[in-house]
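# Structural characterization, general
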Amino acid sequence: MKKLALMSVLMLSAVALFAQADLQPLVTVKLNKSETITLKQLKDRVESYKKQTGVNSFTVAQKKEILDAMIDEKLLLQAAAKDGISVTDSQASDYFLMTMSQQLGQQVTEAQFAQIVKEQTGMSLNDYIKNQTGMSYAAYKDFIKNQLIVQQYILAKNRSDLEKISPTDSEIRAFYEMQKSSLVQSDILKLFLVIVPVGNDKKAAEKKANELYNGIKNNTTTPDKLKTLRNTDTSFQAGDIYVSKTTQAAMQLGIGYDALLEMFTKSKGYISPLEATEGNYQFYIIQEKYPAKILEISDVIQPESTTTVYEYLRQALTVQKQNEYIAGAIETMTKELRVPANYQMLKTGDALDTLLAGW
């Protein structure tokens, strides 16, 4: 028993030593306040990059680059705080949900997104985010928050120059010629989609769904009337959506590609059967069908849109040029901030190399 007890103590001591080693600081950033970057924080960021890039291991030189990026991030965050620039937790959450909504092609709340993740992957939202990014959901939202703060700080410092950036007409037309083969509009359906969430009362939802469906089938109501009604009746959702003949569109609708192809065989005015899913009742009406074509520079980028290909490319080139400018601005600003008064390396040379090579 004494030997077993001694072994337990030795194991606990080893764990404690490893924990202490991970907590050792590598850098102190002190532009606005004193903050350290620990070995554990660097390890966590490296693991996150591994998860996101699919790379199994990083060299010592690459780990140093990641550490440098973390130093730059801390310096910019402290400089932003010094200038009174901040982002709230709710703003970071809103940004995350906006990004997810864009990928899904529909507006979702955190609870709705968690439900979609559960249905499609069987994972909790936290496990899904960790699987994708190597961070917990809370840590990922903190990461987003910090990125937004840095972004706002860079924009605030360079706003006047960024506002002047704009591509020329010849650049836009040359860009169109380069991208022309990819500027293809696939076959598109314009659907009027009606969804009745099950909520806490499945019978009430079923009754409402049948009422709306029968109203459309019997011509006693119309999509326009339902659009007006949804403003006061929150028991259902209804609106126009555009569906492309792509695998991504099938995924967004939560159906197989064969089922999507079947939809495209239907004629304008077709009313789908009322379908019951685990979380809702839904049906759709095909309002319009648009054939596939190569988009000309004067065409609208999407049916019934007011944005032309020319304007779309102008915006894309503007963003590209602004991002190039911002990349240069970040490099310049971090060089200016990297002075001894603002940060101190606590591990350098061979000592840092040995530490980084050990994992």
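Residues numbered from 1 in each chain as written. Predicted model: local features only at pLDDT ≥ 70, side-chain atom pairs only at ≥ 80, totals over all residues. Heavy atoms only, no water.

An unreviewed UniProt entry lists the protein chain under the name Peptidylprolyl isomerase, from Candidatus Treponema excrementipullorum.

### Some remarks on helix α8 (residues 169-179)
Every buried residue of α8 is accounted for by I172, F175 and Y176. Taken end-on, α8 shows its buried residues confined to a sector of 105°, consistent with a single buried face. Of the exposed residues in α8, the ones pointing more than 90 degrees away from its buried face are S170, E177 and M178. Contact partners of the buried residues in α8: α13 (309-337). (Buried < 20%, exposed > 50% of the residue type's maximum accessible area, 1.4 Å probe, protein only. Helix = DSSP H or I, 4+ residues; strand = E, 2+ residues; numbered from the N terminus. Arc of directions from axis to C-beta. Contact = heavy atoms within 4.5 Å.)

### Concerning the pattern of salt bridges
As a working rule, side chains carrying opposite charge can pair if their charged atoms are close by. For the coordinates displayed, the defined rule picks out 23 salt bridges. With a shortest N-O distance of 2.7 Å, K43 and D22 are connected by a salt bridge. Within this pair, whereas K43 is found in helix α2 (residues 39-53), its partner D22 is found in helix α1 (residues 2-22), the two being separated by 21 residues in sequence. Among the ionic pairs, K157 bridges to D83, the shortest N-O distance being 3.0 Å. Of the two residues, K157 is situated in helix α7 (residues 137-163) and D83 in the loop between α3 (60-82) and α4 (89-104); the sequence distance between them amounts to 74 residues. Among the residues examined, K157 registers a relative accessible area of 47% and is labelled partly exposed. (Salt bridge = Lys/Arg side-chain N within 4 Å of Asp/Glu carboxyl O.)

### Examining the side chain of S48
Here S48 shows up in helix α2. In this view, S48 contacts T133, G134 and M135; residues no more than four positions away in its chain are not counted.

### Here's the deal with the packing of aromatic side chains
The full count for this structure, using the stated rule, is 7 aromatic pairs. Relative to F113, the ring of F96 has its centre 5.9 Å away and its plane inclined at 80°; by these criteria the two rings are edge-to-face. Of this pair, F96 sits in helix α4 while F113 is found in helix α5 (residues 110-121), placing the two residues 17 residues apart along the sequence. F96 sits in the buried class, given a relative accessible area of 2%. Centroid distance Y213 to F283: 5.0 Å. Interplanar angle 75°. Geometry classified as edge-to-face. With Y213 in helix α9 (residues 202-217) and F283 in strand β7 (residues 280-290), the pair connects residues that are 70 residues apart, well separated along the chain. The class of F283 is buried, set by a relative accessible area of 1%. The rings of F96, F113, Y128, Y137, Y140 and F143 are connected pair by pair, giving a single aromatic cluster. (Phe/Tyr/Trp six-rings, centres within 6.5 Å; stacked < 30°, edge-to-face > 60°.)

### Re the packing of α2 against helix α6 (residues 125-133)
Two elements in contact, α2 and α6, have axes separated by 6 Å at closest approach and are oriented at 85°. Between α2 and α6, the crossing angle belongs to the class labelled roughly perpendicular. On α6, the residues that touch S48, K51 and Q52 of α2 are K130, N131, Q132 and T133. Classifying every residue of the contact of α2 with α6 by side-chain character gives no nonpolar, 5 polar and 2 charged. (Axes fitted to C-alpha atoms, helices over the stretch in contact; angles between N-to-C directions. Parallel < 35°, antiparallel > 145°, perpendicular 65-115°, else oblique. Nonpolar A, V, L, I, M, F, W, Y, C, P; charged D, E, K, R; others polar.)

### Some details on α7
Along its length, α7 shows its largest kink, about 65°, at K157. The set of residues buried in α7 consists of Y137, K141, I144, L148, I149, V150, Y153, I154, N158 and L162. Buried positions along α7 lie against α3, α4, α5, α6 and α13. (Bend = angle between axes of the 7 residues up to and from the residue.)

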